[in-house]
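# Structural overview
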Amino acid sequence: MFTFKKFTIQQNRCAMKVGTDGVLLGAWTPLYNNPYTVLDIGSGTGLLALMLTQRSGAEQIDAVEIDEEAFTQCVENFENSPWSDRLYCYCASLEDFTEEFFEEITYDLIVSNPPFYSENYKSGDTQRDTARFTDSLPFEQLIACTEGLLSENGIFAVIIPYKEEEKFIRLSAEYGLCPFKITQIRGNQNAEIKRSLIAFSRKQTDKIPVDELVIETQRHQYTKEYKSLVEDFYLNI
């Protein structure tokens, strides 16, 4: 169990537990367009959907999760939250979900903390491998489905490995999605950049603001910038 300030995450049935990546994305995602509808792709525990419900006035927050165990736990976490009437989770692949709802609904905000390991090694744990490896949700499929579900003024936000940033932006451009905000993440000041937070829209931006966020000054000593970003969620930081 992971307890945040305003909600609790049960995660014993989910392959991917609450982690820094998900919290970063949930706290960082731009809400400039005051979204009414939100979609969390590959919701796992439901963390992102819950964080964005806390942060926004969105009335419809949907999640889609392919793994049945994670789906069941996500539903429980939604039901036990203060916002159960605004949250709904579907058990489906993104492809099936998109086919069912394409042209029926569009989302003002779509977020995803997608699986990103592309190495050949697999653990043998099917549930964990589905959550971790890109072949269960290839980047191009994620982008193509998002483009079909995104409203005209919608925002699409992801967290991915920094080494995939250029490729992901190039693929997104092929579907008419352009980055307008990028934050690159370092564990500490001397560490390499490990993650990229990227927000996309359908509008082309001449100059894309790129900044950096450093998480720690030393082990378990967090920078003021990181604390400022996540202080509405973590109990002890």
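All residue numbers here refer to positions counted from 1 along the written sequence of the relevant chain. Where totals are concerned, whole chains, interfaces and linings use all residues; where local detail is concerned, this predicted model gives features only for residues with pLDDT of at least 70, and gives and counts side-chain atom pairs only at 80 or more. Side-chain descriptors were evaluated using all non-hydrogen atoms of the structure, hydrogens and water having been removed beforehand.

### Thoughts on the packing of aromatic side chains
Between the rings of Phe, Tyr and Trp (Trp by its six-membered ring), a pair exists once the centres lie within 6.5 Å; its type follows the angle of the planes, with under 30 degrees stacked, over 60 edge-to-face, and the other angles tilted. Taken as a whole, this structure holds 15 aromatic pairs when the rule is applied. With a centroid separation of 5.4 Å and 35° between ring planes, the pair formed by Tyr-222 and Tyr-226 is classed as tilted. Exposure categories follow from relative accessible area, calculated using a 1.4 Å probe and restricted to protein chains: below 20% of the type maximum is buried, above 50% is exposed, and the middle band is partly exposed. The partly exposed category is assigned to Tyr-222, whose relative accessible area is 28%. Ring pairs connect the aromatic residues Phe-2, Phe-4, Phe-7, Trp-83 and Tyr-234, which therefore count as one cluster.

### Points about the environment of Asp-96
Mapped onto the elements of the fold, Asp-96 is located in helix α4 (residues 94–101). Spatially, the C-alpha atom of Asp-96 lies 9.9 Å from that of Ile-66, the residues being 30 residues apart in sequence. Under the DSSP-based scheme used, a helix requires at least four consecutive residues in state H or I and a strand at least two consecutive residues in state E, with every element numbered from the N terminus.

### Here's the deal with the environment of Gly-176
Here Gly-176 shows up in the loop between α7 (165–174) and β8 (178–188). With a relative accessible area of 33%, Gly-176 lands in the partly exposed category. A C-alpha to C-alpha distance of 23 Å links Gly-176 and Arg-195, two positions 19 residues apart in sequence. Those residues in contact with Gly-176 that lie beyond four places of it in its chain are Ser-201 and Arg-202. By the convention used here, residues are in contact when the closest approach between their heavy atoms is within 4.5 Å.

### Observations regarding the nonpolar core
Membership of the largest hydrophobic core comes to 40 residues, with the highest contact counts inside it found for Phe-4, Phe-7, Val-23, Leu-24, Leu-47 and Phe-78. Each nonpolar core is a collection of buried residues, namely Ala, Val, Leu, Ile, Met, Phe, Trp, Tyr and Cys, held together in the definition by side-chain atoms within 4.5 Å. Ile-41, Leu-94, Phe-97 and Ile-143 belong to the second largest nonpolar core, which has 25 residues in total.

### Remarks on the pairing of strand β4 (residues 60–65)
β4 sits mainly inside the fold: five of its six residues count as buried. At least two bridges found by DSSP between two strands is the condition for calling them paired. Both strand β3 (residues 37–41) and β4 contribute to a ladder of five bridges, which runs parallel. Residue pairing in the sheet places Asp-40 in a bridge with Ala-63 of β4. For the handedness criterion, the strands are oriented away from the viewer, and a crossover whose path from the first strand over the helix to the second runs clockwise is classed as right-handed. A crossover links β3 with its parallel partner β4, the connecting element being helix α2 (residues 47–55), and its sense is right-handed. One ladder, built from five bridges, connects β4 with strand β5 (residues 87–91); its direction is parallel.

### Notes on helix α3 (residues 68–79)
The terminal C-alpha atoms of α3 lie 17 Å apart, and with 12 residues this matches the ideal 16 Å at 1.5 Å per residue to within 8%. Residues of α3 that are buried: Ala-70, Gln-73, Cys-74, Asn-77 and Phe-78. With its buried residues spanning 140° around the axis, α3 presents them on a single face. Residues Glu-68 and Glu-79 are exposed on α3 and point more than 90 degrees away from its buried face. Think of a polar contact as two N or O atoms within 3.5 Å of one another; within protein, one of them needs to be a possible hydrogen donor and the other a possible acceptor, and neighboring residues in sequence only count if both atoms come from side chains. Sitting at the amino-terminal end of α3 is Asp-67, which places a side-chain oxygen 3.2 Å from the backbone nitrogen of Glu-69. The length a helix should cover is 1.5 Å for every residue beyond the first. Regarding the arc, it is the one traced by the directions from the helix axis to the C-beta atoms.

The values are spatial; any link to function lies outside them.
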